Amino acid sequence: MKRHLKWSLLLILILLLSGCAGKRELNDLALVMAVGIDKGEGENAFKVTAQIARPADARGQTGAPSGQTGEPILTIVGQGESLFDAIRDLSSFTTRNVFWAHNQVIVINEDLAKEGIAQVIDFFTRNPELRMRTWVVITPEKASTLVSTVTGLELIPGEALNKLFRYGEISNVAPNSQIMDVQAAYLSQSSQPIIARVSLKEVMVSNKKPEKGPTIKQVDLAGAGVFQEDRLVGVLKPEETRALMLFTERLKSGVVTTPCKSKPERTVSVELRDQMFQVTPHFKGSQISFNAEYDAFAMVVEAGCPFSIDDQEQVSKLEQAVEKKLKKEIDTTINKVQKEYKTDVFELGKVFHNEYPGYWKQIADDWEEVFPTVDIKVSVNVEVKDSVLLWEETNSGKKENSAN
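Residues numbered from 1 in each chain as written. Predicted model: local features only at pLDDT ≥ 70, side-chain atom pairs only at ≥ 80, totals over all residues. Heavy atoms only, no water.

**As for the packing of helix α4 (residues 118–126) against helix α7 (residues 179–187)**
Where α4 contacts α7, the axes come no closer than 10 Å and their chain directions differ by 125 degrees. Taken together, the axes of α4 and α7 are oblique relative to one another. Every pair of crossing elements has a handedness; the one defined by α4 and α7 is left-handed. Here Ala118, Ile121, Phe124 and Thr125 of α4 come into contact with α7, specifically with Ile179, Val182, Gln183 and Tyr186. Considered class by class, the residues forming the contact of α4 with α7 number 6 nonpolar, 2 polar and no charged. (Axes fitted to C-alpha atoms, helices over the stretch in contact; angles between N-to-C directions. Helix = DSSP H or I, 4+ residues; strand = E, 2+ residues; numbered from the N terminus. Parallel < 35°, antiparallel > 145°, perpendicular 65-115°, else oblique. Left-handed = near helix turned anticlockwise from the far one by under 90°. Contact = heavy atoms within 4.5 Å. Nonpolar A, V, L, I, M, F, W, Y, C, P; charged D, E, K, R; others polar.)

**Some details on the pairing of strand β1 (residues 29–39)**
Along any regular strand, the residues point their side chains to alternate faces of the sheet. Here β1 lies mainly inside the structure; 10 of its 11 residues are buried. The pairing of β1 with strand β2 (residues 46–53) spans 7 bridges and is classified as antiparallel. The partner of Val32 across the bridge, within β2, is Ile52. Relative to strand β5 (residues 105–109), β1 runs parallel, the two being bridged by 3 bridges. Paired with Val35 across the two strands is Ile106, which belongs to β5. (Buried < 20%, exposed > 50% of the residue type's maximum accessible area, 1.4 Å probe, protein only. Pairing = 2+ DSSP bridges.)

**Regarding unusual backbone geometry**
Most of the time, phi is negative for any residue but glycine, and the peptide bond is trans. The phi torsion at Asn44 lies on the positive side, around 60 degrees, for a residue other than glycine. With respect to the helices and strands, the residue Asn44 is situated in the loop between β1 and β2. Residue Asn44 is classed as exposed on the basis of its relative accessible area, which comes to 57%. Its identity is not glycine, yet Lys342 carries a phi of approximately 55 degrees, on the positive side. Inspection of the secondary structure puts Lys342 in the loop between α9 (312–341) and α10 (348–355).

**A closer look at the pairing of strand β8 (residues 214–228)**
Of the strand pairs in this sheet, strand β7 (residues 194–205) and β8 are connected by 10 bridges, and their pairing is antiparallel. Bridging across to β8, Glu202 finds its partner in Lys217. Here β8 runs beside strand β9 (residues 231–236); their pairing, made up of 5 bridges, is antiparallel. Among the inter-strand pairings, Gln228 is bridged to a residue of β9, identified as Arg231. Turn length for the β8-β9 hairpin, with the two strands adjacent in sequence and antiparallel, is 2 residues, and the turn residue Glu229 shows positive phi of about 55 degrees.

**Digging into the confidence of the model for the protein chain**
Here the protein chain averages 84 in pLDDT, while 86% of its residues score no lower than 70. By mean pLDDT, helix α13 (residues 399–402) is the weakest element of the protein chain at 54, and β9 is the strongest at 96. (pLDDT = per-residue confidence, 0-100.)

**What about the environment of Pro259?**
Turning to its location among the elements, Pro259 is positioned in strand β10 (residues 254–259). Along the chain, Pro259 and Ala321 lie 62 residues apart, while their C-alpha atoms are 8.5 Å from each other.

**Quick word on the nonpolar core**
Counting 51 residues, the largest nonpolar core has Leu272, Ile288, Tyr294, Leu348 and Trp367 as its most contacted members. For Trp367, the contacting residues outside a window of four places in its chain are Ser190, Ile288, Phe290, Asp344, Leu348, Gly349, Trp360 and Val374. Within the second largest apolar cluster, 32 residues are counted, among which are Ile37, Ile117, Leu130 and Val136. (Core = buried A, V, L, I, M, F, W, Y, C linked by side-chain atoms within 4.5 Å.)

**Considerations on the environment of Gly213**
Inspection of the secondary structure puts Gly213 in the loop between β7 and β8. With 11 residues separating them in the primary sequence, Gly213 and Glu202 have C-alpha atoms 9.2 Å apart.

**Quick word on the pattern of salt bridges**
Side-chain pairing between opposite charges can occur once the charged atoms of the two side chains come close. On inspection of all chains with the given rule, the structure shows 9 salt bridges. The partner of Glu115 in a salt bridge is Lys39, with the nearest N and O atoms 2.6 Å apart. With Glu115 in helix α3 (residues 110–115) and Lys39 in strand β1, the pair connects residues that are 76 residues apart, well separated along the chain. The class for Glu115 is partly exposed, based on a relative accessible area of 43%. When the shortest N-O distance is used, the salt bridge between Lys350 and Glu347 registers 3.4 Å. (Salt bridge = Lys/Arg side-chain N within 4 Å of Asp/Glu carboxyl O.)

**So, the packing of aromatic side chains**
Inspection of every chain in the model, using the stated rule, returns 14 aromatic pairs. Judged by centre distance (4.9 Å) and plane angle (75 degrees), the ring pair of Phe247 and Phe277 falls under edge-to-face. Of this pair, Phe247 sits in helix α8 (residues 238–248) while Phe277 is found in strand β11 (residues 267–284), placing the two residues 30 residues apart along the sequence. Ring centres of Phe352 and Tyr359 lie 6.2 Å apart, and the angle between their planes is 75 degrees; this geometry places the pair in the edge-to-face category. Taking the relative accessible area as the measure of exposure, Phe352 reaches 0% and is therefore buried. These aromatic residues form a ring-pair network of at least three members: Phe283, Phe290, Phe352, Tyr356 and Tyr359. (Phe/Tyr/Trp six-rings, centres within 6.5 Å; stacked < 30°, edge-to-face > 60°.)

Next comes the structure, spelled out in structure tokens:
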């Protein structure tokens with residue numbers, strides 16, 4: 001009986017004592033919200049810029065209590081001969097434990113990306129404190145500059161970048177690249193990584209000097225970076241990136257603008273809905289080819305010239321113009337990726353592997369040489385179904401303007 005009592009007391013003590021094991025007090029943590037990675041001084045050196053939130057000051061108040069700065073973030077820089085060494089350097093002058101679990105974006109300078117980001121992928125995917133759904137972007141700017149740029153609507157720049165991707169489904173100008181996607185493509189035998197590209201652009205007007213126009217730089221989605229294994233080999237413009245995203249993501253909507261047939265100086269805009277993009281591999285002899293079929297419904301959302309959804313001739317001409325423009329965008333992107341960069345960011349190797357696993361085993365090791373030679377045929381079908389515009393166009397009541 002006594003023996004059972006001893007074991008019971010010991011078990012209770014273990015449970016009570018281990019309940020707070022590993023606990024971390026919020027007041028002891030420096031919460032990293034974004035990190036920028038640049039080349040450091042010296043060969044193979046890294047410079048890490050960490051954006052740390054100040055919870056007490058992230059209230060947007062103009063006045064700060066005693067002992068506080070009023071700034072919502074603190075940006076610190078560490079350098080080292082390796083990525084871990086640079087991050088460890090941050091701890092040498094930070095009064096709190098640098099905590100990475102809340103990091104929302106990893107910003108990589110393009111000069112570093114051209115030399116390879118294998119260490120970045122390895123560090124941010126193997127560290128158990130980090131999240132696999134963290135956004136990854138490249139930038140032609142210094143990553144330290146971009147990370148420390150305060151945006152207009154959000155107090156924390158890292159939070160702004162997070163929302164730019166999470167709620168930016170309409171623009172379709174940069175892929176949704178997360179660290180888990182980059183790692184999967186890097187480890188894949190057939191696919192290559194693509195990473196969203198951002199830059200700084202003067203788009204915000206100062207309230208104090210509005211007459212000068214946009215003078216304040218903000219983070220702007222600026223296309224995608226194309227990789228060969230871990231090295232950046234080229235970039236795609238925003239309009240080219242939309243075609244790339246058809247292969248890799250399911251797009252909800254998009255906008256295409258074409259000149260009016262009757263008045264070429266004016267334009268008609270349609271919003272694409274219910275987009276379907278199907279890639280079918282074919283294999284004949286030793287020749288591999290793919291058929292890429294794009295289908296979508298469209299709604300007329302703006303007409304700078306007389307347009308009626310009941311005029312079938314007008315509708316047909318508009319459909320042809322939209323199809324022609326979309327096909328040109330897709331063909332241009334395919335040609336650039338396949339012939340110039342020669343890297344399979346379209347994930348066509350994975351599509352072919354799924355359909356012909358037996359033959360894939362024979363060509364898997366040579367896919368890098370095979371991909372630039374495969375034939376990719378694109379067909380586009382757009383059906384203009386409706387218009388959100390009012391029945392009659394808006395014309396001036398003045399006679400001279402109505403005549404135009």
